[in-house]
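If you want the building blocks of each chain, they are given just below.
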Amino acid sequence: MQSCLIRCLMGILLAVSTATMAPAQNAQQATPQTLQAVITASTGGVIALAPGHYGSLSLRNLQAPASAPRVIASADPAQPARFSGLALKGVSHLTLQDVVFDYTFQPGDAAHLRPFAIADSEGITISRSTFNGDNARGTGTAGDGFGTAYGLRVDRSADITVQNSQIFGFLRGMVVNDSQNVTVQDNDIYAMRSDGLNFAQVTDAAILRNQIHDFRTADGTGDHADMIQFWTNGTSAPTRNVTIADNVLNAGAGRYTQSIFMRNDLVDRGLAGPEMFYRNITITGNVIINAHRHGITVGETDGLRIANNTVVQNAGAAGQTPGKPVWIPRITVAPGSHNVTITSNVTSAITGPAAQPDWTVTANLLVQNTARMQVGFYGQVFVPGVLQDTSRIQSFAPRPGGMLDGTGLGSPLLQTLR
């Protein structure tokens, strides 16, 4: 269930963008019956879609210049065009706007089905759109009744942007592999069975101002749910130049998940060395309210900055014994990493520093919710409501006059809630 704050913020973003980015008056018109012919005949510009069900949109080798991208958008955002599938291959400079990508489970569909996919393409923007998932049914597995398939899969592509959109109800929300210049910003991502955002072998990625929350995980599936996950298994080059900033990751009324999890499994299993270290990773300004120790976990990296994040526990999302360390989010960095800065965070613990000469670990505030009379207790640090409800972001605003108030530590997002 989305919080009122999240719904309001997303509504404001969508309303503002709708008012400023409506299809042009001279747009070419299309209906479900004429869209393919209009695309074939078009040399560019805006194609305005009448309301209706358009089936699967499959485009191959469709080119447009970067200076004049092709736009396919609903004529009326309040009555959006709906697509049951998306297959872009060899497409350049295309914007899809104000549309719904609506997946419906069919008997025999694999859990890892990719109904909406982009491959070998560049300059693709998806804006103010919805990826609506569906539950598996009749599979005879523990996944029945939970989200299945991928919301969006991106492979071997460049200059990809997904913004001001909703992704919900899938096995995984978005999976990006072997791609460059990827921006995922201002989206609302929720009700996933497993992962929200996945990345492998990406260069120049920005994950900004997203709301990721309220997952619907399924016992017995073997899933290890993550809100944002990076991995190296199966890759041939390291991920480089990533910024994860100003996101809210909140278990909410859902189950616990790992939050930002960047294991470098090729390195930690001894299958690769420094050539596969993550490079130039920045994690700043995020609010993480969850109930698994992997709040921010980063594997072997060269060039890492973790700053001004608030990483705290949503006790209601934890396992049966929320006081156990495994259910309390923390910051963890592989000790073999180089050129690491961890500063100005609020969290329960920081694991990894061991007097490495190229690490800087300063001005972090350690907090806890297990011992009322000891330093750093949530009631000393955050507003009084935190002791009644740890599922709301508002609960983690600094307590006026408390030990966090006025320090500038933690996420700046919480300062605006005062």
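Provided above is the structure to which this section pertains.
Owing to the predicted nature of the structure, the values given are computational and were not obtained by experimental measurement. The residue numbers shown here count from 1 along each chain, following its written sequence. At least 70 in pLDDT is required for a residue's local features to be given in this predicted model, at least 80 for side-chain atom pairs to be given and counted, and no such filter applies to totals for whole chains, interfaces and linings, which use all residues. In computing side-chain values, all of the structure's heavy atoms are included and hydrogens and water are not.

> Would you mind showing me how to read the overall build of the protein here?
Here a helix means four or more residues in a row that DSSP labels H or I, a strand means two or more in a row labelled E, and each is numbered from the N terminus. When its secondary structure is counted, the protein shows four helices and 36 strands. Taken over C-alpha atoms, the radius of gyration is set against a globule rule of 2.2 Å times the number of residues to the power 0.38. Against the 2.2 N^0.38 benchmark of 22 Å for 418 residues, the protein shows a C-alpha radius of gyration of 22 Å, consistent with a compact globule. For the protein, the spread of C-alpha atoms along the principal axes amounts to about 70 × 45 × 45 Å. Throughout, a residue-residue contact means that at least one pair of heavy atoms, one from each residue, lies within 4.5 Å. Nonlocal contacts in the protein, meaning residues at least 24 apart in sequence, comprise 60% of its contacts between residues at least 6 apart. In summary, the charge assignment counts Lys and Arg as positive and Asp and Glu as negative, without counting His or the chain termini. Think of each charge as sitting on NZ of Lys, CZ of Arg, CG of Asp or CD of Glu. Side-chain charges in the protein split into 27 positive and 28 negative, and the spacing between the mean points of these groups amounts to 4 Å.

> Looking at this structure, how should I read the pairing of strand 26 (residues 278-284)?
If a strand is regular, its side chains alternate between the two faces of the sheet. Strand direction decides the pairing type here: strand 23 (residues 240-245) and strand 26, joined by five bridges, are parallel. Following the sheet pairing, Thr243 is matched in strand 26 by Thr282. Inspection of the sheet shows strand 26 paired to strand 29 (residues 301-307) by six bridges, in the parallel sense. Counted as the bridge partner of Thr282 is Arg305 from strand 29. We call two strands paired when DSSP finds no fewer than two bridges between them.

> Is there a simple way to explain the side chain of Thr95 in this structure?
In this fold, Thr95 is placed in strand 8 (residues 92-97). If we skip the residues at most four places from it in the chain, Thr95 touches Arg70, Val71, Ile72 and Thr125.

> What exactly am I supposed to notice about the nonpolar core here?
As a rule of thumb, nonpolar side chains are buried together in soluble globular proteins. Core analysis: the biggest nonpolar cluster contains 70 residues, and Leu49 and Phe230 have the highest contact counts within it. Counting residues per element, this core draws most heavily on strand 20 (residues 195-208), which supplies five residues. In this structure Leu49 touches Ala30, Leu35, Tyr54, Ile72, Ala73, Ser74, Ala75, Ala81, Phe83 and Val99, once residues within four positions along its chain are discounted. In terms of nonpolar packing, the next biggest core, distinct from the first, is built from 16 residues, Ile289, Val381, Phe382 and Val386 among them. The criterion is simple. A nonpolar core is a set of buried Ala, Val, Leu, Ile, Met, Phe, Trp, Tyr and Cys residues joined through side-chain atoms within 4.5 Å. When accessible area is computed with a 1.4 Å probe and restricted to protein chains, residues below 20% of their type maximum are described as buried, those above 50% as exposed, and intermediate ones as partly exposed.

> I'm lost on the environment of Gly52 in this one. Help?
Among the structural elements, Gly52 can be located in strand 3 (residues 52-53). With near-sequence residues (within four places) excluded, Gly52 lies in contact with Pro32, Pro80, Ala81 and Arg82.

> What's the story with the pattern of salt bridges in this structure? I'm lost.
For side chains of opposite charge, pairing can occur when their charged atoms come near one another. Salt bridge, as used here: a side-chain nitrogen of Lys or Arg that lies within 4 Å of a carboxyl oxygen of Asp or Glu. Counted according to the given criterion, the structure contains 11 salt bridges. One network of salt bridges, in which partners are shared, links Lys89, Asp120 and Arg156.

> For this particular structure, what's the right way to read the side chain of Ser92?
Tracing the backbone shows Ser92 in strand 8. Its relative accessible area of 5% is what places Ser92 among the buried residues. Identification of polar contacts relies on pairs of N or O atoms within 3.5 Å, with a donor-acceptor requirement for protein atoms, meaning one able to donate a hydrogen and the other able to accept it, and with residues adjacent in sequence counted only if both atoms are side-chain atoms. In terms of polar contacts, Ser92 uses its side chain to reach the side chain of Gln63, at 2.8 Å. A distance of 3.3 Å separates the side chain of Ser92 from the backbone nitrogen of Ala64, its partner in a polar contact.

> Please clarify how the packing of aromatic side chains should be interpreted in this entry.
Each aromatic ring pair is described using two quantities: the centre-to-centre distance and the angle formed by the ring planes. Note on ring pairs: Phe, Tyr and Trp rings are taken, using the six-membered ring of Trp, and paired if centres are within 6.5 Å. Classes follow the plane angle, with under 30 degrees stacked, over 60 edge-to-face and the rest tilted. Tallied over the full model, the rule gives 12 aromatic pairs. Measuring from ring centre to ring centre gives 5.4 Å for Tyr54 and Phe83, while their planes differ by 40°; the resulting arrangement is tilted. On the criterion of sequence distance, the pair formed by Tyr54 in the loop between strand 3 and strand 4 (56-60) and Phe83 in strand 6 (residues 81-83) is long-range, its members being 29 residues apart. A centroid spacing of 5.0 Å and a plane angle of 75° characterise the contact between Phe382 and Phe396, whose relative ring orientation is edge-to-face. Of this pair, Phe382 sits in the segment after helix 4 (378-381) while Phe396 sits in the segment after helix 4, and the two are 14 residues apart along the sequence.

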